[in-house]
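# Analysis of the macromolecular model
Listed below are the residues making up each chain.
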Amino acid sequence: MYIPKHFQMEQSAALEVIENNGFALLVSMGEREVCATHLPLQINREEEALYGHFALPNDQWKEAEGKQVMAVFQGPHCYISSDWYETNRAVPTWNYVAVHVYGRLEIVEDEKQILASLHDLVTTYEAPGSGYDLNELDPAFVKGMRKGIVPFRILIDRIEGKAKLSQNHSKDRRERVVRKLEQSGRENELAIADLMKKRLD
């Protein structure tokens with residue numbers, strides 16, 4: 001990923017982006033073309049690995065096994081109008097946060113590890129107090145669901161994080177942008193405004 005120095009993210013910040021934006025795009029190279037699947041991924045910091053699973057009919061797993069893959073995590077993003085600046089001698093742009101993770105994909109076959117990974121995924125996204133708990137489901141039902149997926153992990157080689165938040169502009173201009181974004185009331189704009197404010201000083 002092209003990352004100018006002033007947009008470079010610290011490793012700790014990149015890991016937070018992964019944890020807070022777990023629905024990723026997993027990209028691999030097949031025999032004839034590039035393959036991509038949208039799916040949730042969980043990071044295990046201790047193992048330096050990402051865990052997830054393909055649907056069994058998705059052939060990407062067959063071509064990706066044992067190979068280098070890339071997982072793309074998208075944080076907040078929004079359009080930045082040059083109309084918000086103190087001059088019109090500027091161009092519009094797009095502010096965003098994104099993380100790319102590179103590593104080798106391997107199929108996970110250990111059933112305890114698979115169930116632990118599925119449990120972690122459900123626990124992460126179920127609302128507090130939810131009555132859905134994998135541990136309380138009929139084991140035969142869970143076993144049936146398990147047959148329909150191909151669990152995997154990605155052993156991480158490197159992580160690239162980019163936070164493009166107008167750091168290459170003056171403080172006055174960034175403050176103007178923040179005010180405009182806060183007026184929008186939209187989720188992405190508010191998230192970018194918050195990230196920009198944290199970097200103003």
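Data block above holds the structure.
Residues numbered from 1 in each chain as written. Predicted model: local features only at pLDDT ≥ 70, side-chain atom pairs only at ≥ 80, totals over all residues. Heavy atoms only, no water.

## A look at the packing of aromatic side chains
Counted only if it meets this: Aromatic contacts are taken between Phe, Tyr and Trp rings whose centres are within 6.5 Å, Trp giving its six-membered ring; a plane angle under 30 degrees counts as stacked, one over 60 as edge-to-face, and the others as tilted. By definition, any uninterrupted DSSP run of H or I lasting at least four residues is a helix, any uninterrupted run of E lasting at least two residues is a strand, and each is numbered from the N terminus. The rule is simple: take the accessible area with a 1.4 Å probe, protein chains only, and divide by the maximum for that residue type; under 20% is buried, over 50% is exposed, in between is partly exposed.
According to the stated counting rule, one finds two aromatic pairs in the structure shown. Consider the rings of phenylalanine 54 and phenylalanine 152, whose centres lie 4.8 Å apart with planes at 35 degrees: the pair is tilted. Placement of the pair is phenylalanine 54 in strand β4 (residues 49–55) and phenylalanine 152 in strand β7 (residues 149–164), with a sequence separation of 98 residues. Using a relative accessible area of 1% as the deciding quantity, one classes phenylalanine 54 as buried. For phenylalanine 152, a relative accessible area of 0% puts it in the buried group.

## Section: the sheet that holds strand β6 (residues 93–107)
Here is the rule: What makes two strands pair is DSSP finding at least two bridges between them. Every angle, taken between N-to-C directions, lies between 0 and 180 degrees, and every axis is a line fitted to C-alpha atoms, over only the stretch in contact when it is a helix.
Reading across from one edge, β2-β1-β5-β6-β7-β4-β3 is the order of the seven strands in this open sheet, with antiparallel pairing throughout. With one partner strand each, in any of the chains shown, β2 (34–40) and β3 (42–44) form the two edges of the open sheet. On average, each strand axis in the sheet is inclined to that of its neighbour by 35 degrees, with strand direction left out of account. Of the strand pairs in this sheet, β6 and β7 are connected by twelve bridges, and their pairing is antiparallel. Across the sheet, residue glycine 103 finds its bridge partner in β7, namely isoleucine 156.

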